[in-house]
Amino acid sequence: MKSANPVWKFFVSVKLTVFLLLSLAVTSVIGTVIPQNADPELYFHKFGPFLFRFFEVLDIFDMYHAWWFHLLLFLLIANIVVCSIDRLSATWKLVFPKNPTFNLAQFEKQKKIERFSVDAHQNELEEKYASLAVKKFGRQHVDKTGDGFVVFAEKGRWTRLGVYIVHFSIILLIIGAITGSLFGFQGFANIPEGESVDHVRLRNNGRVLPLGFTIRNEDFNISFYDTGAPKEFRSSLTILENGQPVVKKDIIVNSPLRYKGISIFMASYGEMAPENETAHDFSTEDIHVNFTIKASGMVYKRKAEIGKPVNIPEGLGTFTLTAFNPAAEFRGQNIGAALIGELSPAQGEAVEVLLPLHFPNFDKMRGGGVVISVADQKQETFSPMKKEDIRYYSGLEINKDPGVWVVYSGFIVMIVGCFITFFMSHQQICIAVSGKGGQSDVRVMGTANKNKIGMQRQVEKFAEQLSGMR
């Protein structure tokens, strides 16, 4: 028997369900607290070498693609399926009985019974009452009694399956999520105007993935508000197969290009230096950096030049500017002009430091005992490009999720299942008629597996209709 099978007993356990749901909840919290798919260097400086390696082994930094997270989801699917099968046989017999039986005593236990009398013989009422019961409730059955008859009617037996529809929707949602995780990807590509790419760089591991087709950035246009803030940026893209254009579309934010299950979103843009410019073509006479020491709270301002080490106050090491990038990137996003330097702490390994001009608190994310920022920057000091020489690139978000339609289907099925489960019920009604001669006493009773108050209102209205029939 199934109940004697230890494997079956394991998967049918409610304790397993609670454990899996709590585990998924806890891991989701961890995935929110610890940013996913960030730069490994940030993780290393934030958690230290031991925790960094420990979390890396457990795939905490890319948790939703980890094998153990998928295992939890597969166990939850098995748990739902086994629990549903275990309880389905009893429900199936209620929904599809071979010989439906009705028990008058069951209805007579109801606290509220509608009663009235009719000046008519029982034989005159039987056909009328049975006909109305069929009209209102669908299926009906008539039993003769010693002094009259009883009409039983019902509808909505199938609504007892609503909970299984909800279970099925949850399975669809999980399968859709696993499918997207295993066979989909999230990546980015920065394409300068007039250039093309045939690959995408994945966000979770930085790996380059071929697309199977080519994306060409024909043109980029940007409009601004009077305040100077960007109003709209638009890229004209062409999809090429074997060198031949197959799709052309202008994309803006929230209006992607979709091709072969891949969605291409307009995510960002950036300026590029002309090809004859170098990152060192700018003056370094007016560059100063601030060193904020966390332990003492002191802020020190020092002059810095490319290639010349600067001693960090309080004996915390040295800092050396190495380059200037007019269009720096961070995690695939353009962050504007930035200085690049190397921090050599008094203890530990040297690390690269990115100092965006427009984000003075950017280096706080790195952690450590000192925060570095650019002080009193003058835009002309760091902007060698003339306006007419500016060339843009389009920052594209390129995603594929083959499980998305399974997820959408799961949501639709869940809405249907929840509506059936919470707003529909198996309703039964009983009309008991008894009496002698031309006088008949009528009792109307009803029951439902859900929403018993609503069922009582239906009984009252049905009794009014019956009492009005002659």
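Procedures and definitions
Counting starts from 1 at the beginning of each chain's written sequence and moves along it residue by residue. Residue-level local features of this predicted model are given only where pLDDT is at least 70; pairs of side-chain atoms are given and counted only at 80 or more, and the full residue set underlies all totals for whole chains, interfaces and linings. Side-chain figures throughout are based on the complete set of non-hydrogen atoms in the structure, without hydrogens or water. A run of DSSP states H or I qualifies as a helix once it reaches four residues; a run of E qualifies as a strand once it reaches two. Both are numbered from the N-terminal end. Our radius of gyration looks at C-alpha atoms and nothing else; its globule reference is 2.2 Å times the residue count to the power 0.38. Under the scheme applied here, a residue whose accessible area is under 20% of the maximum for its type counts as buried, over 50% as exposed, and between as partly exposed, the area being computed with a 1.4 Å probe on protein chains only. We call two residues contacting when some pair of their heavy atoms lies within 4.5 Å. Only the protein chains shown count as cover for residues, and all accessible areas are computed by the Shrake-Rupley method using a 1.4 Å probe. Counted as positive: Lys and Arg. Counted as negative: Asp and Glu, with His and the chain ends omitted from the count. We put the charge of a Lys on NZ, of an Arg on CZ, of an Asp on CG and of a Glu on CD. An expected span of 1.5 Å times one less than the residue number is assigned to each helix. Arc, as used here, means the arc of the directions from the helix axis to the C-beta atoms. Here the rule is simple: two strands pair whenever DSSP picks up at least two bridges between them.

Peer 1: Account for the overall build of the chain, naming residues and giving values.
Peer 2: A count of helical and extended segments in the chain gives ten helices and 20 strands. Computed over its C-alpha atoms, the radius of gyration of the chain comes to 36 Å, more than 25% above the 23 Å expected for a compact globule of 470 residues. Of all 470 residues assigned to the chain, the portion counted as buried reaches 42%. Nonlocal contacts in the chain, meaning residues at least 24 apart in sequence, comprise 59% of its contacts between residues at least 6 apart. When the accessible surface of the chain is totalled, it reaches about 26,300 Å², and 58% of it is carbon and sulfur. Between the mean site of the 50 positive side-chain charges and the mean site of the 46 negative ones, the chain shows a separation of 14 Å.

Peer 1: Can you tell me about helix α9 (residues 404–423), naming the residues and giving the values?
Peer 2: Helix length check: α9, at 20 residues, gives a terminal C-alpha distance of 28 Å against a target of 28 Å (1.5 Å per residue), a fit within 8%. Along α9, the residues that are buried comprise Val407, Gly410, Gly417, Ile420 and Thr421. Summarising the axial view, the buried residues of α9 lie within an arc of 140 degrees, below the 170-degree limit, and thus occupy one face. Summarising the geometry of α9, the exposed residues directed more than 90 degrees from the buried face are Trp405, Ile412, Ile415 and Phe423. Each element contacted by the buried residues of α9 is listed here: α7 (162–183).

Peer 1: Please provide a residue-by-residue account of the pairing of strand β12 (residues 299–303), values included.
Peer 2: For a regular strand, the rule is simple: side chains alternate between the two faces of the sheet. Sheet topology note: the strand β11 (residues 288–293)/β12 ladder contains five bridges and is antiparallel. The residue bridging Asn290 from the neighbouring strand is Lys301, located in β12.

Peer 1: Give me the lowdown on the environment of Leu20, citing residues and values where you can.
Peer 2: Mapped onto the secondary structure, Leu20 falls in helix α2 (residues 14–33). The residues contacting Leu20, other than those within four sequence positions of it, are Leu72, Leu75, Leu76 and Asn79.

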